[in-house]
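# Topology and contacts: notes
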Amino acid sequence: MTKLYIAVPCYNEEEVLPDSSQKLLSKLNEMIAQGKITDDSRIVLIDDGSKDKTWSIIESLHKGNEMFQGIKLSRNRGHQNALLCGLMTLKDKCDAVISIDADLQDDINVFDEMVEKYESGCDVVYGVRSKRETDTFFKRFTAEAYYKILDKLGAKIIFNHADFRLMSARALEAFSQFKEVNLFLRGIVPMVGYKSDIVTYERSERLLGESKYPLKKMLALAFEGITSLSTKPIKLISRIGMVIFLVSIVMLIYFLVRFFMGATVDGWASLAVSIWAIGGLQLLAIGVIGEYIGKIYLETKARPRYIVETYLDDNN
Ligand code: UDP
Ligand code: MG
């Protein structure tokens, strides 16, 4: 039987928490009654520095029922960091952790399927949205375009998967070796490797309250996703520099031809060529420096170079 922990980041969620906590509780109790998970499974609510009554709600939930645990962050650090805190705190306490948003837009009824897949040997089970009907056209369009761009830039991400997933203790342990400060969880989890699978579900509307992801936070997350997973934008700059430099050579020939034909004003050819050549060279130089910064950048992350999957030692 699986000892399952549910990690729920909460930021100013006083409106949805009373309801969603009860839904999570009855779901877990149901799974315990069916013998799918152990009775010391827990729901862990992570308060991401909320300004409303979220924390006092969590405190009273915990007092009323030991199934609820709470973690409070010192201040608002954003969804990704709150979730990371939850995952890292819980990784040694259970067999598997499912992360889910407090508004329960993701379907808690696929918990069973996630746990089944975990028990049959998957270390990561991604929740994938089958449709995006509840999203506005704008959100659906931008989200899908964004996933495609990330894919083109070489980042391995699961299409239409956000942060609703199950991770085994072993996957979390491996994941804890990724020391990135720039955090885009859904891009890093696939790098852990191990056997994974997906479950599909339909995403519903937020129960109550407003989205805690205004456009500004969303754009910041999107940008984080690109710059923390790919150095291709830097390479693009040096490529542009190279092209402009080549153009300047062509221009040089053109200017020289004009010059010898006597069709120029004095000083024009030399000036025009230097503008192109210097501009191109500068961009190229910036690009090359950028390449190195890109390398340093990846280096400072100190990502693990390999992760051991099996270790055959004296005990087996
Ligand atoms: N959240 C958080 N810190 C933040 C913003 C959001 O922990 O700074 C949590 C929030 O409480 C929710 C989850 O992140 O559990 C997703 O937020 P939301 O549902 O508002 O995003 P949306 O579904 O609109 O993208
Ligand atoms: Mg939501």
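The structure reproduced in this document is the subject of the present report. (Residues numbered from 1 in each chain as written. Chains lettered and ligands numbered in written order. Predicted model: local features only at pLDDT ≥ 70, side-chain atom pairs only at ≥ 80, totals over all residues. Heavy atoms only, no water.)

Residues in close proximity to ligand 1 total 19 residues, the closest being Glu13, Asp48, Asp103, Ser211 and Lys212. For ligand 1, an oxygen atom lies 2.7 Å from a polar atom in the backbone of Pro9. Here an oxygen atom of ligand 1 and a side-chain polar atom of Lys217 are 2.8 Å apart. The fraction of the free accessible surface of ligand 1 (540 Å²) that becomes covered by protein chains is 95%. (Near = heavy atom within 4 Å. Polar contact = N/O pair within 3.5 Å; in protein donor to acceptor, adjacent residues only side chain to side chain. Areas by Shrake-Rupley, 256 points an atom, 1.4 Å probe, with all protein chains shown as cover.)

In this section: a nonpolar patch on the surface. On the surface, Met242, Leu246, Ile249, Ile253, Val257 and Met261 cluster together into a nonpolar patch covering about 580 Å² of accessible area. Judged by relative accessible area, Met242 falls into the partly exposed class, the value being 42%. (Patch = residues over 30% accessible without salt bridge, like charges linked within 9 Å, V, L, I, M, F, W, Y side chains within 5 Å. Salt bridge = Lys/Arg side-chain N within 4 Å of Asp/Glu carboxyl O. Buried < 20%, exposed > 50% of the residue type's maximum accessible area, 1.4 Å probe, protein only.)

The next subject is the packing of aromatic side chains. For the structure on display, the rule yields eight aromatic pairs. Ring geometry for Phe164 against Tyr201: centres 5.2 Å apart, planes inclined by 90 degrees, an arrangement best described as edge-to-face. In this pair, Phe164 is assigned in strand 6 (residues 161-168) and Tyr201 in strand 7 (residues 196-201), connecting sequence segments 37 residues apart. Judged by its relative accessible area of 4%, Tyr201 falls in the buried class. Pairing Tyr254 with Phe255 gives two aromatic rings, centres 5.7 Å apart and planes at 50 degrees, and the pair type is tilted. Residue classification places Tyr254 among the partly exposed positions, given a relative accessible area of 43%. On the basis of relative accessibility, which here comes to 4%, the residue Phe255 falls in the buried class. (Phe/Tyr/Trp six-rings, centres within 6.5 Å; stacked < 30°, edge-to-face > 60°. Helix = DSSP H or I, 4+ residues; strand = E, 2+ residues; numbered from the N terminus.)

Let's shift gears to the pattern of salt bridges. Under the criterion given, the structure shown has 15 salt bridges. Notably, a salt bridge pairs Lys36 with Asp112, separated by 2.8 Å at the nearest N-O pair. Note that Lys36 is positioned in the loop between helix 1 (17-33) and strand 2 (42-47) and Asp112 in helix 4 (residues 111-119), a separation of 76 residues in sequence. Ionic contacts of the salt-bridge type, sharing partners, join the residues Lys27, Glu30, Lys36 and Asp112 into one network.

Okay, the coordination of the magnesium ion (ligand 2) next. For the magnesium ion (ligand 2), every protein donor is listed as Asp103 (OD) and Gln105 (OE1), and the spread of their distances is 1.9 Å. Considered together, Asp103 and Gln105 belong to a single accessibility category, that of buried residues. (Donors = N, O, S within 2.8 Å, 3.2 Å for Na, K, Ca; no water.)

This part is about the pairing of strand 4 (residues 96-99). The alternating pattern of strand 4 places Ala96 and Ile98 and Val97 and Ser99 on opposite faces, both of which are buried. Here strand 1 (residues 4-10) pairs with strand 4 via four bridges, running parallel. Residue Ile6 lies in a different strand from strand 4, and its bridge partner there is Ile98. Taken together, the four bridges between strand 4 and strand 6 define a ladder with antiparallel strand orientation. Following the sheet pairing, Ala96 is matched in strand 6 by Ser168. (Pairing = 2+ DSSP bridges.)

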